[in-house]
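Now for the letters of each chain:
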Amino acid sequence: MSEDRVPVVADGAWTDDVDEEEGVVVNWFAKEGRRVTAGESLCEVQVEKVSVDIAAPTDGELVEIVRDENAEFTIGDTLAWIEPGE
Amino acid sequence: MTVDRELTMSRAIVEAIGSEMRENEEVFYMGEDVADYGGIFDSTQGLLEEFGYDRIMDVPISETAYLGAAVGAAQQGMRPIAELMFVDFFGVAMDQIYNQMAKNTYMSGGSVSVPMVMTTAVGGTYSDAAQHSQTLYGTFAHLPGMKVVVPSTAYDAKGLMHNAIRDDDPVVYMYHKRLMGLGWLPAPPGPKTPVPEEDYTIPFGRADVKREGADVTVVTLGLHVHRALDAAESLAADGVDVEVIDLRTLVPLDRETVVESVRKTGRLVVVDEDYRSFGLSGEIVSTVADEALDSLAAVERVAMPDVPIPYARELEGEVLPGTDDIEAAVRNVR
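Residues numbered from 1 in each chain as written. Chains lettered and ligands numbered in written order. Predicted model: local features only at pLDDT ≥ 70, side-chain atom pairs only at ≥ 80, totals over all residues. Heavy atoms only, no water.

(A) Spotlight on the nonpolar core. Residues and elements named next belong to chain B. If you look at the biggest cluster of nonpolar residues, it comprises 49 residues, and the most contacted ones within it are Ile-97 and Phe-140. Among the elements that make up this core, the one with the highest residue count is helix α3 (residues 63-75) (6 residues). Both domains that furnish three or more residues to this core are identified here as domain 1 (6-194) and domain 2 (208-333). Excluding anything up to four places from it in sequence, Ile-97 contacts Leu-67, Phe-90, Ala-102, Met-118, Phe-140 and Met-146. Listed in part, the 43 residues of the second largest apolar core include Met-9, Ile-56, Ile-81 and Phe-204. (Core = buried A, V, L, I, M, F, W, Y, C linked by side-chain atoms within 4.5 Å. Buried < 20%, exposed > 50% of the residue type's maximum accessible area, 1.4 Å probe, protein only. Helix = DSSP H or I, 4+ residues; strand = E, 2+ residues; numbered from the N terminus. Domains from an automatic or database assignment. Contact = heavy atoms within 4.5 Å.)

(B) Just helix α9 (residues 255-265) of chain B, in detail. All names here are of chain B. Within α9, the full set of buried residues consists of Thr-257, Val-258, Val-259, Ser-261, Val-262 and Thr-265. On the buried face of α9, the contacting elements are β9 (208-211), β10 (216-220), β11 (242-246), β13 (267-275) and α10 (280-292). Backbone geometry just after α9 places Gly-266 at a positive phi near 75°.

(C) Examining the packing of aromatic side chains more closely. All names here are of chain B. With the rule as written, the count across this model stands at 6 aromatic pairs over all chains. On the basis of an interplanar angle of 80° and a centroid distance of 5.4 Å, the ring pair of Phe-41 and Phe-86 is categorised as edge-to-face. Within this pair, whereas Phe-41 is found in the loop between β2 (27-31) and α2 (47-51), its partner Phe-86 is found in strand β4 (residues 79-86), the two being separated by 45 residues in sequence. According to the relative accessible area criterion, Phe-41 is buried, its value standing at 1%. Take Phe-86: its relative accessible area is 6%, and that puts it in the buried class. Considering the side-chain rings of Tyr-155 and Tyr-200, the 4.6 Å spacing of their centres and the 15° angle between planes classify their relative orientation as stacked. Placement of Tyr-155 in helix α7 (residues 154-166) and of Tyr-200 in the loop between β8 (193-194) and β9 is noted, with a sequence separation of 45 residues between them. You can call Tyr-155 partly exposed: its relative accessible area is 35%. By the ring-pair criterion, three or more aromatic residues cluster together here, those being Phe-41, Phe-86, Phe-89, Tyr-126 and Trp-184. (Phe/Tyr/Trp six-rings, centres within 6.5 Å; stacked < 30°, edge-to-face > 60°.)

(D) How the structure looks around the packing of helix α1 (residues 9-23) of chain B against α7(B). Residue and element names in this part refer to chain B. Put simply, α1 and α7 touch, their axes get as near as 8 Å, and they point 30° apart. By the criterion of interaxial angle, the relationship of α1 to α7 is roughly parallel. In this structure, α1 crosses over α7, and the sense of that crossing is right-handed. On α7, the residues touching Met-9, Ala-12, Ile-13, Glu-15, Ala-16, Ile-17, Ser-19 and Glu-20 of α1 are Ala-154, Ala-157, Lys-158, Met-161, His-162, Ile-165 and Arg-166. Of the residues that constitute the contact of α1 with α7, the class distribution is 9 nonpolar, 2 polar and 4 charged. (Axes fitted to C-alpha atoms, helices over the stretch in contact; angles between N-to-C directions. Parallel < 35°, antiparallel > 145°, perpendicular 65-115°, else oblique. Left-handed = near helix turned anticlockwise from the far one by under 90°. Nonpolar A, V, L, I, M, F, W, Y, C, P; charged D, E, K, R; others polar.)

(E) Quick peek at a negative patch on the surface. Residues and elements named next belong to chain B. A surface patch of like charges, here negative, comprises Asp-33, Asp-36, Glu-49 and Asp-58. Tracing the backbone shows Asp-36 in the loop between β2 and α2. Residue classification places Asp-36 among the exposed positions, given a relative accessible area of 56%. (Patch = residues over 30% accessible without salt bridge, like charges linked within 9 Å, V, L, I, M, F, W, Y side chains within 5 Å. Areas by Shrake-Rupley, 256 points an atom, 1.4 Å probe, with all protein chains shown as cover. Salt bridge = Lys/Arg side-chain N within 4 Å of Asp/Glu carboxyl O. Lys, Arg positive; Asp, Glu negative; His and termini not counted. Charge placed at Lys NZ, Arg CZ, Asp CG, Glu CD.)

(F) Seen up close, α7(B). All names here are of chain B. Under the 1.5 Å per step criterion, the end-to-end length of α7 is 19 Å for 13 residues, consistent within 8% with the ideal 18 Å. The buried fraction of α7 is high, at 11 of 13 residues. Within α7, the full set of buried residues consists of Ala-154, Asp-156, Ala-157, Lys-158, Gly-159, Leu-160, Met-161, His-162, Asn-163, Ala-164 and Ile-165. (Expected span 1.5 Å × (residues − 1).)

(G) Layout of the sheet that holds β9(B). All names here are of chain B. Taken in spatial order, the 5 strands make up an open sheet running β9-β11-β10-β13-β14, and their pairing is mixed. The two strands at the open ends of the sheet, each matched to only one other strand, are β9 and β14 (298-304). When the angles between neighbouring strand axes are averaged without regard to direction, this sheet yields 25°. Taken together, the 3 bridges between β9 and β11 define a ladder with antiparallel strand orientation. Its bridge partner lying in β11, Asp-208 is registered against Asp-246. Relative to β11, helix α8 (residues 223-236) is tilted by about 170°, and along the sheet it contacts β9, β10, β11 and β13. Strands β10, β11, β13 and β14 of the sheet are contacted by helix α12 (residues 323-333), whose axis makes an angle of about 165° with β14. (Pairing = 2+ DSSP bridges.)

(H) The layout of surface pockets, seen in detail. A volume near 990 Å³ is recorded for the largest pocket. Elements represented by at least two residues in the lining of the largest pocket include exactly β4 (41-47) and β5 (50-55) of chain A together with β1 (6-7), α1 and α2 of chain B. The dominant element in the lining of the largest pocket, judged by the number of residues it contributes, is α1(B), at 7 residues. A breakdown of the residues in the lining of the largest pocket according to their chemical character gives 13 nonpolar, 16 polar and 15 charged. In this structure, the second largest pocket is lined by 21 residues; those nearest its centre are Val26(A), Asn27(A), Glu69(A), Pro186(B) and Ala187(B). Considering every element that reaches the lining of the second largest pocket, the biggest residue donor is strand β2 (residues 22-28) of chain A, with 4 residues. Across the lining of the second largest pocket, the residue classes break down as 12 nonpolar, 7 polar and 2 charged. (1 Å grid on protein atoms, 1.4 Å probe; cavity = no way out; pocket = protein on both sides within 12 Å on 5 of 7 lines; lining within 4 Å. Points joined across faces, edges and corners; volume = space filled by probe spheres on them.)

(I) The arrangement of the domain arrangement of chain B in detail. Residue and element names in this part refer to chain B. With domains assigned, chain B is organised as domain 1 (6-194) and domain 2 (208-333). Computed over C-alpha atoms only, the centres of domain 1 and domain 2 are separated by 26 Å. On the domain 2 side, the residues contacting the 32 residues of domain 1 number 26 residues. Summed over both partners, the interface of domain 1 with domain 2 comes to about 2200 Å²; 60% of that surface belongs to carbon and sulfur atoms. Ranking the residues of domain 1 by area buried against domain 2 places Thr-125, Ser-127 and Tyr-137 at the top, with a combined share of 25%. Counting every contact that joins domain 1 to domain 2 gives 2 salt bridges. Among the salt bridges present, the one from Asp-156 reaches Arg-248, with a minimum N-O distance of 3.2 Å. The interface formed by domain 1 and domain 2 includes 18 residue pairs in polar contact (both at pLDDT 80 or more). Where the side of domain 1 that touches domain 2 is concerned, the elements lending two or more residues are α6 (137-142), β6 (147-149) and α7. (Buried area = accessible area lost by both parts, 1.4 Å probe. Polar contact = N/O pair within 3.5 Å; in protein donor to acceptor, adjacent residues only side chain to side chain.)

This is the structure in structure tokens:
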């Protein structure tokens, strides 16, 4: 089951110039259990005073939020899991 | 599916502005740091990429010049939105706001209208001192000619912004910085709400009862809607049933909802982040005195004392109306 799930990753792809590896989750725009669409903003994170949106990597259901609002993370961490589906 | 989507207040405001700009090419936005920066409180985040520099315009630091330009553009049929970065800066452009924007419709005998929106950031709670922390609700609501909007949630903010842009009169749209949902200035729980993707309007002059209650009426707006709701929650545990009214617009003011509520509860607390004297709290109390004095058993005001807002965190916390102050006031009128 769990290998079917797709991670929502704070991969740092929005910049090639990050000195800090730590960030904080600022806002979630979706709750667990919601259907999401690939490309829609799921949450906003902040690294080095820069805020960026993390988009859903696939269509599906947001089954688990791993890092809630105000939680810290390291670039590369999984923030949430999506179970793919139409 | 879309009903579940939650937005911060800043994103809800931006969504309304973007939608109006797509619908009507006469709508444009100007202000300090609104283009490349996206607004220092995220009030225009992402709009430059879609609409470009012709319609999302950074301006030099002269509020007199660009607010005056907005008044002129509005009179010529455009629908400008001009941002006063902090409401505290209004003094440098007082003639443009008080004498031109607010009065030109009247002075021209109705031959021009001024369909502009002046957006502005208000409020304290983050140690920005006396010249960057005021709300000045009363200062704008006092002078005839301007409509005044103060949203407290993302849902309300979007509907009120649609209405503000479509209104043919000048509208002052005052958003509280603490409610916008910024990374560096986190919002309390409450302002982030589900927001429909489609357009909708919330009419001016209609207060919203954010919590129904039978014992005490609390009338407030902006950030303090959420503080009043927190106070109501903890008072409920002691068996005190508080009604919380969010005014949403000051001009026009929904006096009817306030008076109706006091007729039911007989007890009134007005909570205002603006200064205590000569302002909103006095206006609400006198409205109730005018129209429902026989119903009014007790009344109290919780407002900013008449002092400049301190920089020091502890002192600012002392003068700002807090949840505990609201609770104490409610207990006093019980």
